Amino acid sequence: MNANDYLSLNFKDIRELFPIDTRRDFLKRLGGGIIIFVALGDFLEAQEEGRPRGGPPGLPSDFNAFLKIGEDGRITCFTGKIEMGQGPITSLPQMLAEELDAPLDAVDIVMGDTDLCPWDMGTFGSMTTRFFGPALRAAGAEAKRVLLELAAESLKVPVSQLAAKDGVIFDRQNPEHRLTYGQLAKGQKIQRHLTAKPALKEVAEFKLIGKPLLRRDAHDKVTGAGHYTGDVRLPGMLYAKILRPPAHGAKLKSADTAAARAIPGVQVVQDDDLIAVLHPFPDVAEGALEKIKAEFDIPEATVDDKNIFDHLLGAAPPANVLAQGGDLEQGRKLAAKKIESTYLNSYVAHAAMETHAALASIEGGKATVWASTQNPFGARDEIARAIGFEPQNVRVITPYVGGGFGGKTFNLQAVEAARLAKRVGKPVQVMWSREEEFFFDTFRPAAIVKISSGVDGAGKMTFWDYKVFFAGDRGAPQFYTVPNHRTVAHGGGWRAPEGSHPFGTGAWRAPGNNTNTHARESQIDMLAAAAGVDPVEFRLRNLSDPKMIRVLKAAADHFGWTPAKAPAKRGYGVACGIDAGTYVAAIAEVAVNAGDGSVQVKRVVCAQDMGMVINPEGARIQMEGCITMGLGYALTEEVHFKGGKVLDTNFDTYEIPQFSWVPKIETIILDANDNPPQGGGEPAIVVMGAVVANAIFDATGARLFQLPMTPDRVKEALGKV
Amino acid sequence: MNAAFLFCGSWREQPLKPENAMTDAISFKLNDKPVRLEVDGDRPLLWVLRTDLGLTGTKLGCGEGYCGCCTVLVDKIATRSCLLKMSDVRDKEVRTIEGLAANGKLHPVQKAFIEHDALQCGFCIPGQVLHAVSLLNKNPHPTREEIIRGMNNNFCRCGAHTRIIDAIQSAAVEMKGGR
């Protein structure tokens, strides 16, 4: 099976957007130089096999990226993508400088400013390098072609006699005969729309792509000079704290704001359902908010973190068949051993260290909003709708984003700041407290996977009957060679019919795939144990995809895996997965404390085939980040709730990974530079639930079916061994 | 850093004070410069730094002392500024991330974070760096285990932990204390 079959990006979950204003004022402001426009949509049409045809809905028809070579020789890339730690601030200029033969330090990047950058759908789905990267490289190649033509004219030699290097074009026969890109751009007013895909460099020609580079924003971030949204200051700005209901679904009955109003300098605003206190100091606003006496009608709580799974199974939408083949009944008959399991995972929070923040300023009919967002253009449209402006009269600027993981694709805080700024006529900052962050987070949905499967006497799988509820289809289709199989999804993504979840749910790093891979790879392990076959050997016996075989073998070799039937009391586990086109295999070693049920992950080896790698250093950091973050949903992270009341309000009860949890991490990136780049920010997290569960099984013989594998659940499972 | 920046951040000429609020004159040293503020002594240091003084490198992560994003040095010891009142820093020496690099020369811990790529989104990094500086002040010869224990309550969601540990080990060596 092909990696691209797994490119489920859940575009259908992206809401309808406003029509895109295609030609905006910024074109007039660009001034002189050379400007290359490129349309990602065209490239998707023309792309190699497997890319979503025509791209996602709502792509602009003219262009969505461009670069400018200024008369001063500076090269600037304008993109609607944002930097939230995942590294495009380094990798995008790296790609551009490569195709342009320009020095990296001559390349600037402007990100996530809706007035300066062309429309972009948002930064999620591990799409920046995969889909935006080729377009940007094409723009760079086209710009170089224009520069060569200009140089040929100026130097009066044919293009074929010219070469480009480090931002200079020179005559091969007389290298002193040269012009810099700045000299070539001077006095020019060239705007070029890319219509055909120019020839990109071959891998062998790369000087910069594939070279490990350190982050370009590190100096800013270690000195405190880098600005996040909450750090932006405007004269006269006010800080708003907003009255929140105690539970989702609660309705305000009454609010007495007199005591808050009595505090000097405090302004209380009521705008329909929005009651806010504003003050030049955020801490004073917070104190004033506490003085508001409010009463709410709270709906009776019927669901909680214990009974939610029964509730969800009762509310499940009809099945959608994702894959099927052969004859399940026949497969059941052929099975020597059959295993039926139900896997559960709880709601999980994004918990980025930066809470949602926005600063809105409205002047002369134009709103400017700084926002911590993964989709500035979506935020722009949400704000425009809320305050009754045309989208072109709303500008969203995205400073550094302090972590997103899918949680900053909804922009309520930006809407709140804009509504309040409109009401009070002054700039207003809204920065959520940690408690608000937990309350309004769009959690990874609680989900259920039911699998019935069987294996024959030779250790080959005979059937695979897979049902996923509420996690969605990403990562659900399995990639083993099973003659009789069916995979169905109840619910297509993180969205679910009204009444399913007691609060908001959304995309959480590799949405759906953590749930699906946990279930699939746990079940594969159980089949291996039932067949009495080593879990690595069992997988190899049931795989035919050479890419996955290569990745799994690389992980096993590096780990020093020796075959043994689990549970071998070694504490070794293995899991494989595919996400965003990237193949991953991980092997972990754990130690289980049978007394208190705690699990220490001691070592994780992770191998990945992600196609062409732009910045190997950045790719490794993403793998390490995935492995570390994945420990959380594997071991501790679950949202506790009663009805619409979220009981976790801070990191005391919601435990995220800490230094003492972190294993020795070894990452392997397989050489696959001849293939297009695939996702990097998400894939390695998908294996973490299963690799730890399988290692616990190997250590103890206890099988855990529910994430997270808390000490209580580990002890309970140990009791059943 | 010049005094003007210290007092007005990027735009404010005089620190604001709420009308009729109970204020007190609090003197302390901030990034090596003496500061005297007319301020309500109960206000949290975090917000006075970020709002009144425009020093936004100190971040709000959780507001309750769990995560360490708001870490500053008070008399050279890492302290959570969200839990500290202004009256707690009277006559003390406070150092924020903005005051760590001396005359534009990065502190060895800052340099090591850059060289190890020990950050992603960067939001927790001012707190991580200052906590590491404090740790190395107390223990210039930390083992890897001691670094892990010492840093354990500074949270990072992106998962830069292993690189942060490596960076602190390198910085210790650079500061000629490591082992």
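This is a predicted model, so every value here is computed, not measured.

The next subject is helix 3 (residues 88-100) of chain A. When the terminal C-alpha atoms of helix 3 of chain A are compared, their 17 Å separation across 13 residues agrees well with the 18 Å that a helix rising 1.5 Å per residue should span. In terms of residue burial, helix 3 of chain A counts as a mostly covered element, since 13 of its 13 residues are buried.

The next thing to look at is the packing of helix 17 (residues 616-635) of chain A against helix 18 (residues 688-700) of chain A. Describing two packed helices takes the angle between their axes plus the distance from one axis to the other. Residue and element names in this part refer to chain A. Packing of helix 17 against helix 18 leaves a shortest axis separation of 8 Å and a crossing angle of 65°. The hand of the helix 17/helix 18 crossing is right-handed. The segment helix 17 lies against helix 18, with Ile627, Gly630, Leu631, Tyr633, Ala634 and Leu635 engaging Met688, Gly689 and Val692. When its residues are assigned to classes, the contact of helix 17 with helix 18 shows 7 nonpolar, 2 polar and no charged.

Across soluble globular proteins, nonpolar side chains have a tendency to be buried as a group. Residue and element names in this part refer to chain A. The biggest cluster of nonpolar side chains holds 271 residues, and the ones touching the most others in it are Val369, Ala586, Val692 and Ile696. Element by element, the count of residues in this core is highest for helix 4 (residues 128-155), at 11 residues. Every residue in contact with Val369, bar those within four places of it in the chain, is listed here: Ala358, Ala360, Ile383, Val394, Val396, Ala414, Ala417 and Ala418.

Our next topic: the domain arrangement of chain B. All names here are of chain B. By domain assignment, chain B separates into domain 1 (3-99) and domain 2 (108-174). Contact residues are listed per partner, giving 15 residues for domain 1 and 13 residues for domain 2. Of all the secondary structure elements, the ones that give two or more residues to the side of domain 1 that touches domain 2 are strand 3 (71-74) and strand 4 (77-80). With 3 residues, the single largest contributor to the side of domain 1 that touches domain 2 is strand 3.

Looking now at unusual backbone geometry. Residue and element names in this part refer to chain A. Residue Ala566 is joined to Pro567 through a cis peptide bond whose omega torsion reads 0°. Take Pro567: it is sitting in the loop between helix 16 (546-559) and strand 23 (572-579). The omega angle of the peptide bond from Leu707 to Pro708 is -5°, so this bond is cis rather than trans. With respect to the element layout, Pro708 can be found in the loop between strand 29 (706-707) and helix 19 (711-720). Despite not being glycine, Lys569 has its phi angle at roughly 60°, a positive value.

What follows is about the packing of helix 14 (residues 513-531) of chain A against helix 18 of chain A. Residue and element names in this part refer to chain A. Two elements in contact, helix 14 and helix 18, have axes whose closest approach is 7 Å; the angle formed by their N-to-C orientations is 30°. Taken together, the axes of helix 14 and helix 18 are roughly parallel relative to one another. Considering how the two elements wind past one another, helix 14 and helix 18 form a crossing that is right-handed. Counted together, Asn514, Thr517, His518, Glu521, Ser522 and Asp525 of helix 14 and Gly689, Ala690, Ala693, Asn694 and Phe697 of helix 18 form the full contact between these two elements. Classifying every residue of the contact of helix 14 with helix 18 gives 3 nonpolar, 6 polar and 2 charged.

All names here are of chain A. Within strand 9 (residues 238-242), 5 of the 5 residues are buried, which leaves it mostly tucked inside the rest of the structure. Bridge count for strand 9 against strand 19 (residues 428-431) is 3 bridges, and the pairing is parallel. The residue bridging Tyr239 from the neighbouring strand is Gln429, located in strand 19. Of the pairings in the sheet, the one linking strand 9 to strand 12 (residues 274-279) comprises 4 bridges and is antiparallel in character. In the strand pairing of strand 12, Lys241 is matched with Val277.

The interface is formed by 51 residues belonging to chain B together with 50 residues belonging to chain A. Where the side of chain B that touches chain A is concerned, the elements lending two or more residues are helix 2 (45-52), helix 3 (108-115), helix 4 (125-138), helix 5 (144-151) and helix 6 (161-174) of chain B.

Residue and element names in this part refer to chain A. By secondary structure assignment, the location of Pro511 is in the loop between strand 22 (484-490) and helix 14. In this structure Pro511 comes out as buried when scored by C-beta crowding, with 28 C-beta atoms within 10 Å. Put simply, Pro511 and Trp464 are 47 residues apart on the chain and 23 Å apart in space, counted from C-alpha to C-alpha.

The next subject is the sheet that holds strand 18 (residues 394-397) of chain A. All names here are of chain A. Ordered in space as 11-12-9-19-16-17-18, the 7 strands form an open sheet in which the pairing is mixed. Only two strands of the sheet have a single partner each, and these edge strands are strand 11 (267-271) and strand 18. Ignoring which end each strand starts from, the neighbouring axes of this sheet average 25° apart. Where strand 11 and strand 12 come together, 5 bridges link them in antiparallel fashion. Across the sheet, the residue bridging to Val268 is Val277, located in strand 12. Packed on one face of the sheet, helix 8 (residues 282-290) meets strand 9 and strand 12 and runs near 135° to strand 12. Sitting on the sheet, helix 11 (residues 376-387) touches strand 17 (366-371) and strand 18, and the angle it makes with strand 18 is about 140°.

Now for helix 11 of chain A. Residue and element names in this part refer to chain A. Its 12 residues place the ends of helix 11 16 Å apart at the C-alpha level, agreeing with the 16 Å of an ideal helix rising 1.5 Å per residue. Helix 11 sits mainly inside the fold: 9 of its 12 residues count as buried. Those residues of helix 11 that fall on the buried side of the exposure criterion are Pro376, Phe377, Gly378, Ala379, Arg380, Asp381, Glu382, Ile383 and Ala384. The secondary structure elements touched by the buried residues of helix 11 are strand 17, strand 18 and helix 12 (412-424). Phi turns positive, to about 70°, at Gly388, one or two residues after helix 11.

Residue and element names in this part refer to chain A. Assigned domains within chain A: domain 1 (3-223), domain 2 (231-298 + 365-406) and domain 3 (308-348 + 443-720). Of the residues lining the interface, 21 residues belong to domain 1; the matching set on domain 2 comes to 18 residues. Class assignment of the residues belonging to the side of domain 1 that touches domain 2 gives a composition of 8 nonpolar, 6 polar and 7 charged.

This part is about the sheet that holds strand 5 (residues 162-165) of chain A. Residue and element names in this part refer to chain A. If you trace the 3 strands from one edge of the open sheet to the other, you get 5-6-7, paired in antiparallel fashion. Across the chains shown, the open sheet's two edge strands, defined by having one partner strand only, are strand 5 and strand 7 (174-180). Across the sheet, the mean angle separating the axes of adjacent strands is 30° when strand polarity is ignored. Taken together, the 4 bridges between strand 6 (residues 168-171) and strand 7 define a ladder with antiparallel strand orientation. Bridge pairing links Phe170 to Arg178 in strand 7. Packed on one face of the sheet, helix 4 meets strand 5, strand 6 and strand 7 and runs near 130° to strand 5.

All names here are of chain A. Across chain A, pLDDT averages 91, with 92% of residues at or above 70. Note on residues 1-23: pLDDT is under 50 here. Beyond four places in sequence and across chains, it has 47 contacts. Throughout residues 42-61 the model reports pLDDT below 50, and contacts reaching past four residues in sequence, or to other chains, amount to 37 contacts.

Criteria and cut-off values
Residues numbered from 1 in each chain as written. Chains lettered and ligands numbered in written order. Predicted model: local features only at pLDDT ≥ 70, side-chain atom pairs only at ≥ 80, totals over all residues. Helix = DSSP H or I, 4+ residues; strand = E, 2+ residues; numbered from the N terminus. Expected span 1.5 Å × (residues − 1). Buried ≥ 20, exposed ≤ 12 C-beta atoms within 10 Å, placed from the backbone. Axes fitted to C-alpha atoms, helices over the stretch in contact; angles between N-to-C directions. Left-handed = near helix turned anticlockwise from the far one by under 90°. Contact = placed C-beta atoms within 7 Å. Nonpolar A, V, L, I, M, F, W, Y, C, P; charged D, E, K, R; others polar. Core = buried A, V, L, I, M, F, W, Y, C linked by C-beta atoms within 7 Å. Domains from an automatic or database assignment. Parallel < 35°, antiparallel > 145°, perpendicular 65-115°, else oblique. Pairing = 2+ DSSP bridges. pLDDT = per-residue confidence, 0-100.

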